[in-house]
Every structure is written in C-alpha cells, then in structure tokens.
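Chain by chain, the residues:
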Number of protein chains: 2
Amino acid sequence: MSPTTEPYSLTATEAVAEIKSGRLTVEKYAQSLLSRYESRDSTVHAWAYLNPELVLQEARKLDAIPPAERGPLHGVAIGVKDVILTKDMPTQYNSPIYKDDHPQLDAGSVIVLRKNGALIYGKTHTTEFAATSVGPAARNPHDTTRTPGGSSSGSGAAVGDLQVPIGLGTQTIGSTIRPGSFNGIYALKPTWNSISREGQKLYSLIFDTLGLYSRSVEDLRLLINVFQLQDDEPGEHFSVKGAKFAVLKLKTPNWPEAGKGTKDALDLGVQLLTSHGAEVEELVLPDEFDDLTAWHLQVLSGDGRIAFLPDYYYAKDKLHESLVGHVENSEKYSRKEQLKAFDGLAALRPKMDAILEKYAAIIAPSALDEAPVGNNTGNATFCGIWTALHQPVVNIPGFKGANGMPIGLSVIAPRYRDQHLLRVCKEVGKIFEAEGGWKRSL
Amino acid sequence: MSPTTEPYSLTATEAVAEIKSGRLTVEKYAQSLLSRYESRDSTVHAWAYLNPELVLQEARKLDAIPPAERGPLHGVAIGVKDVILTKDMPTQYNSPIYKDDHPQLDAGSVIVLRKNGALIYGKTHTTEFAATSVGPAARNPHDTTRTPGGSSSGSGAAVGDLQVPIGLGTQTIGSTIRPGSFNGIYALKPTWNSISREGQKLYSLIFDTLGLYSRSVEDLRLLINVFQLQDDEPGEHFSVKGAKFAVLKLKTPNWPEAGKGTKDALDLGVQLLTSHGAEVEELVLPDEFDDLTAWHLQVLSGDGRIAFLPDYYYAKDKLHESLVGHVENSEKYSRKEQLKAFDGLAALRPKMDAILEKYAAIIAPSALDEAPVGNNTGNATFCGIWTALHQPVVNIPGFKGANGMPIGLSVIAPRYRDQHLLRVCKEVGKIFEAEGGWKRSL
C-alpha cells in the first residue's frame, strides 16, 4: 500500500495483506470504509442497512483474534444483498411485508464467510425479492442518473464505488452479471449449486445462484477457494497467446439487438485477444438453442408460482403485481409446457458444455449497452443463457460506452470449471482493463 | 363424531367439520390432543419440541377468529419435522450445533399452513439434518422396539399414534414414504418443487421435497388444495373397475430383494385390484434405468458437499461422520461423474412420465418389509426412484407383515398429476384398507 492509498480503495486481497502484515488493523480499515460510506451514501444509496457501531464492534472482535487463528478472509468487508439472511442485521427484501424483519439466522454463504474471517459489513439494496426490474434506491456510482442494474443493485454499486471490496449478489436471469457490467467491476456467477443457497430468498431452485462482486480476479479466487470450488482438472498456467476462444455475438432474431457500446466492446475484445496471440472463432448457437429464453421464462414463471405463494397468502396487497401474476399464473402456462421447458433446458446443459470444452472460454455480451438512465434495471436476456444452463460466467470490466460509462464482457467456461475460468479471466482481464478504454475514476 | 370418539383421533377433515359446526372448539381439540400426548409421549417420543402452553394459546387465538375469516385448515393441528423453520419454536435439526437454536422465521410451507388456519402444534424428531440413517429418539407406535423409519421419524410416529392428524416430513431418498409404510399411515411426496421448500434444511436442491402425512386421502387433498397444486387436466371421477395399473416389483439385480411382507403385499395388492375389476400389468423398467440409484447417490454426494460446508466450517467436530465425508468428498466422485449423473437423471424424468401416462398409476414397494427392530431407520432404496425422477407418490397403508406390523404400497403418477394421484388413491385406499389385512389398533 502506497502511503497515499486510502484503505477503503484496497481490493480484498490487498486488505488481507495489509492486515496480515500488521500495517492495518481491521478497525482502522473499517473506519476508512465508513468514511467512504459517509461521504458517498447520500449520492449512491447502496445500503438497505448499515450500522457503523456494529461494523466497528465486529472489527474489534476480529482484531482480538490471535494471528494463528485468523482465516483467509480476515477483515475482508462484505456487502450482503438484502435477500440473504444475516443473524445480526435485518433482512427486508425491499418488500413492505418484511420491513424491519430480523430473523436470527445466517445464510449458509454468510456462515462460510464469517467463519473464514470476513467482516459482514451491511445489507445492500435489491429489487423486491430480487424478482422485479424496477428500483431500488441505489444509483450508479459513475453517473447517478443511471441505474446500477439489478436486482443486485446495491452490491454492484457499493463495490463499484469503493465502499466495500466484496459484494454478494444473486442471479436468476442476469442479476449479478448485468450490474457487474454497469458498475465497471468483476462479477462471478459460479456454476449453479456450487455454493450453498440456504438462507437466500427463493425464486427458482434450478436457476438462482449466489453471485460475487470484486474489483479483481484475485479476490474472486480468494472467495471461491473459501467456498471450496474445485475443478476436476489440476490448475495449469494459462496464456492468452496460443489460446482458442469463441465469441458469441447473439445476432440472430432469437436475441435482442445489442447497442453500439456492446457491439464495439465485443469487436474490440476480439481484436485485443487476437493481437495478444489468441485465436478467436465466431460461434453461432445451433438451432436447438432457439427456445432457450422462452423456456427459461416459462420455468421461472412456474417456479415463481410456488416461491411467492407464502408471501401471497401473507399479504397479497403488498406484493408486486408481477409476483401476484406468477402466483395466479397470469401467463396461463400449463404444467406440460413447463415440464417441456424444464426438461428441454436440462438436455441443453451437457450440449453447451460440449461446445464450451472446445475453447479456453466463450466471450459474450453481459448487457445490451451502458447502464440506462432512470429507474429500470435494464435487460437481462444475454445473461440468461448461462443461468439457465448453469455454466460459470465472469463479467470483465474494461470497455467504455458512448457516454463514458463502463461496459463489460462475459467470459464463460463449462460447468464446474470455475477455477479454470478465473485463470483465463486473470489474463484476459489484464488486457481488457489495460486496453479496453475505460478506467475507474472514483 | 360419535359421542365416544375422542377428538384426538379425528382426521383433519373430520376435525375441521367438528370445529366448523361449533361442536368443538380449537381449544377443546387441542386439550384432547395434549391428553393423548401426555399419555403416549414417554412411549413414542415423537416430539423434539412441544409446549402445551403455546399450543393452548394459539388454539385460543384461532377460536377468537370470526367464522367468516377462518381458513380451510382452521384448527388443524400439524406436527412439523424439526428441519423446517417455525417462528415460535426452536429448530434444532437433531444436531448439537443447533441445540436450542431459535431463528425468528417461518418456512414458506409453515406460512401457507398458518395463513390457512392451521395450529402449528410442535416439532417432531428427525435424524441429524434429515441426512443420516440412525436414531432419533422416536419409536414406532405399533411396536416400540421398532423404528418409525426416518428421517421424518417423529412426524410419521405422531400421525400413526393419533397424536396429531397431520405431519410434515421431507424426502431426499425415502424419508417420507418409508415412515409412511412403517407407521401405517398415508404419506404424500408431491411432485418436486410443487410446494415451497424455503426454510427447510437443505440437503439437495434437486431432490429434497416436502412430504405430508395423514390418516386419510381427504386430508392430503385438503392440504394440496391449500398449497394450490393443480393438474392441467380437469378432475374426473376415478373408478378402479376398468382402470389399468402397472405393478413394479423391482426384482432385477439393480434393486435390493424385498422381504416377504412387501412381496406378499404387492401380490395381494394386485389381486385386490384385479378382483375389483382393474387390469394390472407387470412392468419391468427398461435397461436405461439401470444406473438410476447409483446416479441418485452420486448427485446427492455432490449436493451434500455444498449443503453441509457451512456446518462443517461452523463445527466439524459436531457433524455426523457421513456428512463430514460428503464435504470432504470421501467417495472421490469427480465433477464429471456428478454431471453425468445429474444430466442422466434429467433425461430419465420425461421417459418415466411417458411410462406412467399409460396407466392410472404404478403400484410399487414403499419399503423392504415391516419396520425393522432397533435404531436404524431402514433401507430407502425403493423410494429413491421417484425422488430422483420427481414424480408424486402416495404410500397407502393396509397390509400386514409377519409380526403384525403395517406395510404400505407406493402409488405413483406422472409429474404434476398430484390431484389425479389422490383421486386414484382415494379408491385404491378404500380397498387396501378394507381388505389388505392390517387395521389400526391404537
């Protein structure tokens, strides 16, 4: 850490090193993060709950742990999306039904993080139950007239704004990767069901995935090591030079049209990889993937019918109309259609893995374009492929849109190759961040 | 209700009618249930938590609700397996890690039941995290030297012992249906993900299913109506006469050998259906189903690795060695093997539905034989097929083993045909209960 670096701006990996060396205490680190919060919160509104006294108290508890007993995340501050249970803070889901609700329970993911030394810092804003596309209060730190994306709005904004090095999100369509792109940060949606989702609000058993935000690939690796994600294959050095990638531009009528920012980012990304010695093929998905998005939404509709029934009985009048629509099956999907979609997606998963195995990774769009102006959290369609098919995805930041906002690209590997994916992203990220045209200015 | 009938012995449907008519208050009903509990608990040990004061207090609250505002389950007492969260009672999972733990949160299923008028009565014993096969304290009410089965041990025993008309269980292999057979009661494992599993301890996202116990088919229908399970097909009168069934005896080397009790029950079941005018074919599963059990256990092992990691970090020394083995992948399954199993089971689901659609239902064994003597909860293999493939199953009681203990048979329908399945079971159950040879003597 250079003498002028503020601790709040450190990545998790850097903060761990500073604390381990004794140059920084967790309490001093927390004080720096809180000063950033105090100066920025009225602009960014990332937090649904943040109690500075509790943060400092937890920080002092961590400082009191003898060095030999400290975990690999010792002192790392983590913002937790407010659809994930925390024992010492309320969980409110941005729902009037759960205002000030405070179950005495940590989610499985939060237990793992705490037991490895993390400082559970606060709860970040979400759209209602992480299942609608409007609001919440959080704003994009790079331009507050714009959305930070959703539904992991607050976690994306907080990490993008240097308020916390790590954020937890969730993804059911594109709720982790899209905010990653909009806020100019790294985002990992790991392989489905590779991190416990216990204690995370349920929307869809077969799609919901815990997501991770950071400002470096090393930080994502630190986290997935703690969650014990292991590939079958041993870790090998990865070099962009000589590697073979595919780029998936999704230009067919089955997908919305990407904006200029995303199209340019894909072109520049391919050009950069090629100029660094990689081979990049353009991939067009076979016809059998044509129904993917429709199937995803059909299964989700059926899953929402089950997941929101308790809230519907509890207080239908306080539930967003789209969720009432799920419960009442306003789309009139039959069970037969839902099963066809559920089984159809299941059959596509190994087929997508087989395509992915031919490449170091697939490069694809993370979002339509820059973060849009306003309160709508943006289109998630491009992200849905990988959520529906369970493959791990990283958003790499580095590109720039017409208004100077960050744009990221998705990098995808086969299921349970999360460690491989991070090795690829480490090298690709260096290139995209250095030469993609966007620099973090906060 | 005849003047001599004790309220505790009523089915849920009967209790609802008595309460609705004004002949019984919820408080009086609760007092009768509590008297049964007091006389039987030292023998059966069904309950992990039961607070008579809380029960009476909740009963009086229900009595105070004006008739026009009462739900369809008004006053129905429900025993909740102690892996399902309840806001007003501890949830302890039969794990020393969670002794006296009391999160202030209701599971999704419990919210639905409460909002429809149920009296959440107490927490029933389970094996550790519903994921081991030894213990707990609960005994089989028909012979206390024998197990009530597991892992939904206490719910099965409590409903079999007339201590409560309805019990909630869970099933990941055979934890609802097997105790149904052992305790001489009806058990429904509905279609996977047709009832919210939010707030129910996680073992496997793709297998875990909430289960329901009762002493009548009407009671199961009352419950699934509240949970809004709907088939695509309209309800039609079902008659055994002229219906076509298949019997699946599972006699190939891929399955354990059934004991004499189960073999005799299957033979008698077929004979009874035939004598009542049904056609019954013997079904042998195609070879492609050969790997089913191995795949089920492989996926489960991988899922346990994820699900128990938080508890492992929390207190590895307090975790059953089989669960430590999951987390440490002591079976050394590769991710590739787990994906092959996961995708293989997914491909079998529509194939099993296609077989099932040819029949009114398939009849199959629920357990190897009568409940075994001792503390091991018995073999679950026969039940695993339908858990792995997501089809709804009802255990119908009515048959008798060599020691006079109850034996049930499984009746299975395609996915999302739960209402159809109950119509079939209503008629089949009448026959099996009347002519199968076993009568409830408690």
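Starting afresh in each chain, residues are numbered from 1 along the sequence in its written order. Think of it this way: whatever chain is written first is A, whatever ligand is written first is 1, and the rest follow in order. Local features in this predicted model are restricted to residues of pLDDT 70 or higher, and side-chain atom pairs are both shown and tallied only at a pLDDT of 80 or more, whereas totals for entire chains, interfaces and linings draw on every residue. Side-chain descriptors were evaluated using all non-hydrogen atoms of the structure, hydrogens and water having been removed beforehand.

As annotated in an unreviewed UniProt entry, chain A is Asp-tRNA Asn/Glu-tRNA Gln amidotransferas-like protein subunit A from Mytilinidion resinicola.

1. Concerning the interface of chain B and chain A
Cut-off, in case you're wondering: In what follows, a contact means two residues having at least one pair of non-hydrogen atoms within 4.5 Å. Here the quantity called buried area is the total loss of accessible area, with a 1.4 Å probe, experienced by two parts when brought into contact, counted for both. Think of a salt bridge as a Lys or Arg side-chain nitrogen and an Asp or Glu carboxyl oxygen that are within 4 Å of each other. Think of a polar contact as two N or O atoms within 3.5 Å of one another; within protein, one of them needs to be a possible hydrogen donor and the other a possible acceptor, and neighboring residues in sequence only count if both atoms come from side chains. The helix and strand labels rest on DSSP assignments: H or I over at least four residues marks a helix, E over at least two residues marks a strand, and numbering proceeds from the N terminus.
Contacts between the two partners involve 53 residues from chain B and, on the opposite side, 53 residues from chain A. Summing the contributions of chain B and of chain A, the shared interface buries around 4800 Å²; its carbon and sulfur component is 59%. When the area that chain B buries against chain A is broken down by residue, the three leading residues are Leu205, Tyr313 and Arg335 of chain B, summing to 14%. Taken together, the links from chain B to chain A amount to six salt bridges. A salt bridge links Asp343 of chain B to Arg415 of chain A; the nearest nitrogen and oxygen atoms lie 2.7 Å apart. At the junction of chain B and chain A, the tally comes to 20 residue pairs in polar contact (both at pLDDT 80 or more). At nine residues, the largest contribution of residues to the side of chain B that touches chain A is made by helix 12 (residues 335–356) of chain B.

2. Some words on the pattern of salt bridges
All names here are of chain A. Convention followed: For each residue, the accessible area found with a 1.4 Å probe, counting protein chains only, is set against the maximum for its type, and the residue is called buried under 20%, exposed over 50%, and partly exposed in between.
With the rule as written, the count across this model stands at 54 salt bridges over all chains. Across the salt bridge formed by Asp208 and Arg197, the nearest N and O atoms sit 2.6 Å from each other. Here Arg197 lies in the loop between strand 5 (186–189) and strand 6 (209–214) and Asp208 lies in the loop between strand 5 and strand 6, a separation of eleven residues in the sequence. Asp208 gets classed as buried once you look at its relative accessible area, which sits at 3%. Between Lys260 and Asp264 there is a salt bridge, with its nearest N and O atoms 2.6 Å apart. Taken together, the residues span about one helical turn, with Lys260 and Asp264 both in helix 8 (residues 260–275) at a distance of four residues. Exposure remark for Lys260: the relative accessible area of 61% places this residue in the exposed category. Using a relative accessible area of 35% as the deciding quantity, one classes Asp264 as partly exposed. Overlapping salt bridges bring together Lys249, Lys251, Asp267 and Glu282 as one network.

3. Describing the sheet that holds strand 3 (residues 119–124) of chain A
All names here are of chain A. How we decide: Two strands pair if DSSP finds at least two bridges between them. In this analysis, axes come from line fits to C-alpha atoms, helices being fitted only over the stretch in contact, and the angle between any two N-to-C directions falls in the range 0 to 180 degrees.
Taken in spatial order, the eleven strands make up an open sheet running 1-3-2-4-6-5-10-11-9-7-8, and their pairing is mixed. Across the chains shown, the open sheet's two edge strands, defined by having one partner strand only, are strand 1 (47–49) and strand 8 (279–283). If you compare each strand with its neighbour and ignore which way they point, the axes differ by 30 degrees on average. Relative to strand 6, strand 4 (residues 166–171) runs antiparallel, the two sharing five bridges. Within strand 6, the position partnered with Thr170 by the bridge is Leu210.

4. Topic: the UniProt feature "domain: Amidase" (unreviewed entry) in chain A
Heads up, the condition is: UniProt positions are given in the numbering used here, feature names are shortened, and annotations may be inferred rather than shown by experiment.
Under the UniProt annotation, "domain: Amidase" (unreviewed entry) lies at residues 31–422 of chain A. Secondary structure across residues 31–422 of chain A divides into 36% helix and 15% strand, with the first and last C-alpha atoms of the span separated by 31 Å.

5. Structural notes on the sheet that holds strand 1 (residues 47–49) of chain B
Residues and elements named next belong to chain B. Ordered by their spatial adjacency, eleven strands build an open sheet running 1-3-2-4-6-5-10-11-9-7-8, and the pairing between neighbours is mixed. Looking at strand neighbours, the two that pair on one side only are strand 1 and strand 8 (279–283), the edges of this open sheet. Strand-to-strand twist in this sheet, taken as the mean axis angle between neighbours without regard to direction, amounts to 30 degrees. In terms of strand pairing, strand 1 meets strand 3 (residues 119–124) through two bridges, oriented antiparallel. When the bridges of strand 3 are listed, Trp47 appears paired with Thr124. The strands touched by helix 7 (residues 217–226) are strand 4 (166–171), strand 5 (186–189), strand 6 (209–214) and strand 10 (393–400); relative to strand 6, the strand with the most contacts, the crossing angle is about 140 degrees.

6. Observations concerning the pairing of strand 4 of chain A
Residue and element names in this part refer to chain A. Counting buried positions along strand 4 yields six of six residues, so the element is predominantly enclosed. The side-chain alternation of strand 4 yields two buried faces, one formed by Ile166, Leu168 and Thr170 and the other by Gly167, Gly169 and Gln171. Of the pairings in the sheet, the one linking strand 2 (residues 77–81) to strand 4 comprises three bridges and is parallel in character. Note that in strand 4 the partner of Val80 across the bridge is Leu168.

7. Notes on the packing of aromatic side chains
The test is simple: Stacked, edge-to-face and tilted labels apply to pairs of Phe, Tyr and Trp rings (six-membered ring for Trp) whose centres lie within 6.5 Å, assigned for plane angles under 30 degrees, over 60, and everything in between, in that order.
Counting across every chain of the model gives 18 aromatic pairs over all chains. For the ring pair Phe399 of chain A and Phe432 of chain A, a centre distance of 4.8 Å and an interplane angle of 65 degrees mean the geometry is edge-to-face. With Phe399 of chain A in strand 10 (residues 393–400) and Phe432 of chain A in helix 14 (residues 418–435), the pair connects residues that are 33 residues apart, well separated along the chain. Take Phe399 of chain A: its relative accessible area is 2%, and that puts it in the buried class. Judged by its relative accessible area of 0%, Phe432 of chain A falls in the buried class. With a centroid separation of 5.6 Å and 40 degrees between ring planes, the pair formed by Tyr93 of chain B and Phe129 of chain B is classed as tilted. With Tyr93 of chain B in the loop between strand 2 (77–81) and helix 4 (108–115) and Phe129 of chain B in the loop between strand 3 and helix 5 (153–160), this pair connects stretches of sequence that are 36 residues apart.

8. Observations regarding the packing of helix 12 (residues 335–356) of chain A against helix 12 of chain B
We apply this condition: Angle categories: roughly parallel below 35 degrees, roughly antiparallel above 145, roughly perpendicular from 65 to 115, and oblique for all the rest. Note on convention: the crossing is left-handed when the near helix lies turned anticlockwise from the far helix by less than a right angle, right-handed when the turn is clockwise. Note on residue classes: Ala, Val, Leu, Ile, Met, Phe, Trp, Tyr, Cys and Pro are nonpolar, Asp, Glu, Lys and Arg are charged, and everything else, Gly too, is polar.
Running from amino to carboxyl end, helix 12 of chain A crosses helix 12 of chain B at an angle of 150 degrees, the nearest separation of the two axes being 10 Å. Taken as axis vectors, helix 12 of chain A and helix 12 of chain B run roughly antiparallel relative to one another. The handedness of the crossing between helix 12 of chain A and helix 12 of chain B comes out as left-handed. When helix 12 of chain A is examined against helix 12 of chain B, the residues Leu339, Phe342, Asp343, Ala346, Arg349, Pro350 and Asp353 of chain A are found in contact with a partner set consisting of Leu339, Phe342, Asp343, Ala346, Arg349, Pro350 and Asp353 of chain B. Of the residues contributing to the contact of helix 12 of chain A with helix 12 of chain B, the split by class is eight nonpolar, no polar and six charged.

9. Description of the nonpolar core
Using the following cut-off: To define a nonpolar core, start from buried Ala, Val, Leu, Ile, Met, Phe, Trp, Tyr and Cys residues and group those joined through side-chain atoms within 4.5 Å.
Within the largest apolar cluster, 287 residues are counted, with the highest numbers of intra-cluster contacts made by Tyr121 and Phe245 of chain A together with Tyr121 and Phe245 of chain B. Discounting chain neighbours no more than four positions away, the residues touching Phe245 of chain B are Phe238, Leu273, Ala278, Glu279, Val280, Glu281, Tyr359, Ala360, Ala361, Ile363, Val424 and Val428 of chain B.

10. Structural notes on the relation of the copies chain B and chain A
Heads up, the condition is: When the copies are superposed, the least-squares fit takes in the C-alpha atoms of residues with a pLDDT of at least 70 in both.
Superposition of chain B onto chain A requires a rotation of 180 degrees combined with a translation of 0.0 Å along the rotation axis, giving an RMSD of 0.0 Å. Such a combination of turn and shift is consistent with a two-fold rotation axis. In this assembly the copies share their binding face: 100% of the residues contributing to the interface of chain B also contribute to that of chain A.

11. Describing the side chain of Asp208 of chain A
Residue and element names in this part refer to chain A. A polar contact is formed between the side chain of Asp208 and the side chain of Thr172, at a distance of 2.5 Å. Looking at Asp208, its side chain comes within polar contact range of the side chain of Arg197, at 2.6 Å. Once residues within four sequence positions are removed from consideration, Asp208 is found in contact with Gln171, Thr172, Trp192, Arg197, Gln200, Lys201, Leu202 and Tyr203.

12. What about the side chain of Thr381 of chain B?
All names here are of chain B. Among the secondary structure elements, Thr381 is positioned in helix 13 (residues 381–389). Within the structure, Thr381 has its side chain in polar contact with the side chain of Asn379 (distance 2.5 Å). Those residues within four positions of Thr381 in sequence are excluded, and the remaining contacts are Trp255, Pro256 and Thr293.

13. Considerations on the pairing of strand 8 of chain B
All names here are of chain B. Our working definition: Looking down the strands as they point away from you, a crossover is right-handed if its path from the first strand over the helix to the second goes clockwise.
The pairing of strand 7 (residues 244–248) with strand 8 spans five bridges and is parallel. When the bridges of strand 8 are listed, Lys244 appears paired with Glu279. For the crossover that starts at strand 7, traverses helix 8 (residues 260–275) and ends in the parallel strand 8, the hand is right-handed.

14. Describing helix 4 of chain B
The periodicity of an α-helix, 3.6 residues per turn, causes residues three or four positions apart to be oriented the same way. With six of eight residues buried, helix 4 of chain B lies mostly within the body of the structure. Among the residues making up helix 4 of chain B, those that are buried are Gly108, Ser109, Val110, Ile111, Val112 and Leu113 of chain B. Those residues of helix 4 of chain B hidden inside the fold are in contact with helix 10 (309–315) of chain A together with strand 2, strand 3, strand 4, strand 6 and helix 7 of chain B. Taken from the residues just after helix 4 of chain B, Gly117 of chain B is the one with a positive phi, measuring 100 degrees.

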